[in-house]
Amino acid sequence: MMFASSHAFSQSVLPTVSDSLRARQSNLNALEYVFDEDEIPESMNQEMEDLLRDYNAQHYLFVDSDCVQMPSGPIFTKEETIERLRSMPTFIEMPWNEVVQNYIDRYANKLRRHVSLMLGAQNLYMDIFEEALETYGLPLELRYLPVIESALNPNAVSHAGAGGLWQFMVATGQRYGLRVNSLVDERRDPTKSSYAAAHYLYDLYQIFNDWHLVIAAYNAGPGNIQKAITRAGGSRDYWEIYPFLPAETRGYVPAFIAANYIMTFYRDHNICPMKTTLPQQADTIVVTRNLHFKQISEVIGIPIEELRAFNPQYRHDIVTGYTEPTDLRMPTEYVKLFIANEDSIWAYDVSNLMKRDQVEVRSYTPTRSYSRHSSKKSSRSAATRKSSRKRRR
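All of these numbers come straight from a predicted model, not from anything done at the bench. (Residues numbered from 1 in each chain as written. Predicted model: local features only at pLDDT ≥ 70, side-chain atom pairs only at ≥ 80, totals over all residues. Heavy atoms only, no water.)

Asker: What's the story with the overall build of the protein in this structure? I'm lost.
Answerer: Across its full length, the protein holds 20 helices and six strands. Counting the 393 residues in the protein, one finds 47% classified as buried. Roughly 21,000 Å² of accessible area belongs to the protein as shown, and the carbon and sulfur atoms make up 49% of that amount. (Helix = DSSP H or I, 4+ residues; strand = E, 2+ residues; numbered from the N terminus. Buried < 20%, exposed > 50% of the residue type's maximum accessible area, 1.4 Å probe, protein only. Areas by Shrake-Rupley, 256 points an atom, 1.4 Å probe, with all protein chains shown as cover.)

Asker: Explanation requested: the nonpolar core in the structure shown.
Answerer: Ranked by size, the top nonpolar core spans 87 residues in total, and within it Tyr107, Leu142 and Ile225 carry the most contacts. Per element, the largest residue contribution to this core is 11 residues, and it comes from helix H6 (residues 112-135). Ignoring sequence-local partners within four residues, the contact set of tyrosine 107 consists of Met44, Arg112, Val115, Met118, Val147, Ile148, Ala255, Ala258, Ala259, Ile262 and Ile271. Membership of the second largest hydrophobic core comes to 18 residues, among which are Val184, Val287, Ile345 and Trp346. (Core = buried A, V, L, I, M, F, W, Y, C linked by side-chain atoms within 4.5 Å. Contact = heavy atoms within 4.5 Å.)

Asker: Can you walk me through the pattern of salt bridges in this structure?
Answerer: Should their charged atoms come close, side chains of opposite charge can pair. Within the structure shown, the criterion is met by 11 salt bridges. Notably, a salt bridge pairs aspartate 50 with arginine 53, separated by 2.2 Å at the nearest N-O pair. A salt bridge links arginine 315 to aspartate 185, with the shortest nitrogen-to-oxygen separation between them at 3.4 Å. Here arginine 315 is found in the loop between helix H16 (304-310) and strand E5 (318-320), whereas its partner aspartate 185 is found in the loop between helix H8 (170-175) and helix H9 (190-208), with 130 residues between them in sequence. Taking relative accessible area as the criterion, aspartate 185 reaches 1% and is therefore assigned buried. Connected through shared salt-bridge partners, Asp185, Arg187, Arg188 and Arg315 make up one network. (Salt bridge = Lys/Arg side-chain N within 4 Å of Asp/Glu carboxyl O.)

Asker: How should I be thinking about empty space enclosed by the protein in this particular structure?
Answerer: Taking a probe equal in size to a water molecule and rolling it over the atoms shows the remaining empty space. Applying the stated criterion to the full structure yields three cavities of 30 Å³ or more. As for the largest cavity, its lining consists of 13 residues, and the residues nearest its centre are Asp54, Ala57, Leu117, Ala121 and Leu152. Of all the secondary structure elements, the ones that give two or more residues to the lining of the largest cavity are helix H3 (55-60) and H6. If one sorts the elements of the lining of the largest cavity by residue count, H6 sits on top with four residues. Along the lines of polarity and charge, the residues of the lining of the largest cavity split into 10 nonpolar, two polar and one charged. (1 Å grid on protein atoms, 1.4 Å probe; cavity = no way out; pocket = protein on both sides within 12 Å on 5 of 7 lines; lining within 4 Å. Points joined across faces, edges and corners; volume = space filled by probe spheres on them. Nonpolar A, V, L, I, M, F, W, Y, C, P; charged D, E, K, R; others polar.)

Asker: Whenever I open this one, the confidence of the model for the protein confuses me. Can you help?
Answerer: When pLDDT drops low, the exact placement of atoms in the prediction is not to be read closely. Residues with a pLDDT of 70 or more make up 84% of the protein, whose mean pLDDT is 86. Counted against residues more than four places away or in other chains, residues 1-34, with its pLDDT under 50, gives 47 contacts. (pLDDT = per-residue confidence, 0-100.)

Asker: What exactly am I supposed to notice about the packing of aromatic side chains here?
Answerer: Any two aromatic rings considered together are summarised by their centre-to-centre distance and by the angle between their planes. Evaluated as defined, the whole model comprises 15 aromatic pairs. Pairing tyrosine 125 with phenylalanine 129 gives two aromatic rings, centres 6.1 Å apart and planes at 15 degrees, and the pair type is stacked. Taken as a pair, tyrosine 125 and phenylalanine 129 lie in helix H6 at a separation of four residues, close to a single helical turn. This pair shows no difference in class: tyrosine 125 is buried, exactly as phenylalanine 129 is. Where tyrosine 176 meets tyrosine 200, the ring centres are 5.2 Å apart and the plane angle is 50 degrees; that geometry is what we call tilted. With tyrosine 176 in the loop between H8 and H9 and tyrosine 200 in helix H9, the pair connects residues that are 24 residues apart, well separated along the chain. For tyrosine 200, a relative accessible area of 9% translates into the label buried. Members of the aromatic cluster, connected to one another through ring pairs, are Tyr125, Phe129, Trp166, Phe168, Tyr176, Tyr200 and Tyr218. Directly above the ring of phenylalanine 76 sits arginine 84, whose terminal nitrogen or CZ lies 4.0 Å from the centroid. Above the plane of the ring of phenylalanine 265 lies arginine 84, whose end atom (NZ or CZ) is 5.9 Å from the centre. (Phe/Tyr/Trp six-rings, centres within 6.5 Å; stacked < 30°, edge-to-face > 60°. Lys NZ or Arg CZ within 6 Å of the ring centre and 35° of its normal.)

Asker: Is there a simple way to explain the state of the cysteines in this structure?
Answerer: Every disulfide links exactly two cysteines, by a covalent bond between their sulfur atoms. This structure, assessed with the given rule, holds one disulfide. Here cysteine 67 connects covalently by a disulfide to cysteine 272, the sulfurs 1.9 Å from one another. Taking the sign of the torsion about the S-S bond as the criterion, the disulfide between cysteine 67 and cysteine 272, at about -75 degrees, is left-handed. In this pair, cysteine 67 sits in the loop between strand E1 (61-62) and helix H4 (78-87) while cysteine 272 sits in the loop between helix H14 (252-264) and strand E2 (275-276), placing the two residues 205 residues apart along the sequence. (Disulfide = S-S within 2.5 Å.)

Asker: Explanation requested: the environment of alanine 198 in the structure shown.
Answerer: Turning to its location among the elements, alanine 198 is positioned in helix H9. For alanine 198 and tryptophan 166, which are 32 residues apart along the polypeptide, the C-alpha to C-alpha distance reads 9.9 Å. Ignoring sequence-local partners within four residues, the contact set of alanine 198 consists of Ala132, Leu133, Tyr136 and Leu138.

Structure (C-alpha cells):
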C-alpha cells in the first residue's frame, strides 16, 4: 500500500508548489498578525516539570554538561529564516509568514528547555514514527506531529481526553484498531499508536489531497475542515480558510512548520539537546492469563516503574491475557528470569492482586422479629378490616 508512487511524491508537481508558495508569500507577508493564546496547541503550554516527571525523561535523558545553553537565542532576519525553510528536504510545503514566525520564536525562546528535552526524547521514538510513516508511504516530516501533539510525552492527556504521543480521541483510536477500555489504553503504546496515526493520515489524504488540510483535519476532524472550506467559498488553500478554522487549528499548521524548523536548526538557535541513554534491549512475552505487574516485580525483582515504562498501555498494572493473547515487554535479562520463574509468578498473591472468578454467598436463616409496637399496629389493622366488612354488609 505504498502511497508515494501514486499520489503525493510525483516530481511533476514541484514547480507548481514553488510558484504557489511565492505568490502566497507576497500576500501573507503584508498581513499584520496578532498572536492569540487560544490558537496555541495544548502541548506548547505544558509545564517543563510535567515533562520531566515522565519515567523516560528521568531515566534516559540527561543534560549535556559540555553544552552551555543560554536563556535566549540569536535573532535572525526574515530572509535567513525563509532560506532555512527552503533548504529543508521536505515534500510538505513549509512557507514563511508572520504566523509561522511567531511559533518559531516561541520554540526558540520561551520553549527552549522543552525543545532541548524533545531533541533528546526523539531518539526514543523517531525510528518507530518513521517506520510507520514509511509503511503507508507518507512524508517523513510528519514524524514531528507528536512534537506539537504531545511534546513527545507518551502519557499526555488533553483537556478534551485525547491521549498518547499522537493524541488520539477514544473513538478515533478504536476506529483504527486501538483497544481502549477500563484496563487497556493502546493510545499510549508508541508502536501501535504510530501505525494507527499513519493509517489515519493516509485516509485523510484521500479526502483532501493537500497536506496542510490533512494536518489541520488531524487536529480538528475532517468535518470542521469541510465547514471552513465552505465558508471560504470553496477554497482548499489552508491559508485562505485560516480565519474560518477553530482557534487551536489555526495555530496547528504554523506550529507544525515551526516544529520541523526548530528540530532541524536548533544549533543555529544555540539550543543544546539533552543526551539520551537508550533503554536496554527489550523482548516480548505473550501472556494468555491476567497478570499483575506486582506479581512479576516481587518474584524477579524488576521495578514496577520500569514495567510501566515498557508497557504504558496497561492502565492499572494488569496485563489482560484472558481477554486475548497480549504482549508484555521487558528488558531481555528479565525475560529470561520470567521464563525461569513463571509458575511462581502466576501463583504470587493471586487472592489479593487479581479479581475473583467466583464467590460464595454467605448462608443465613431469615428470621422475623416483632416489636410490641408492630404487634399493636397489626391488631389495629385487623380490627379496622373487620369493622369495614361489617359496614359493607
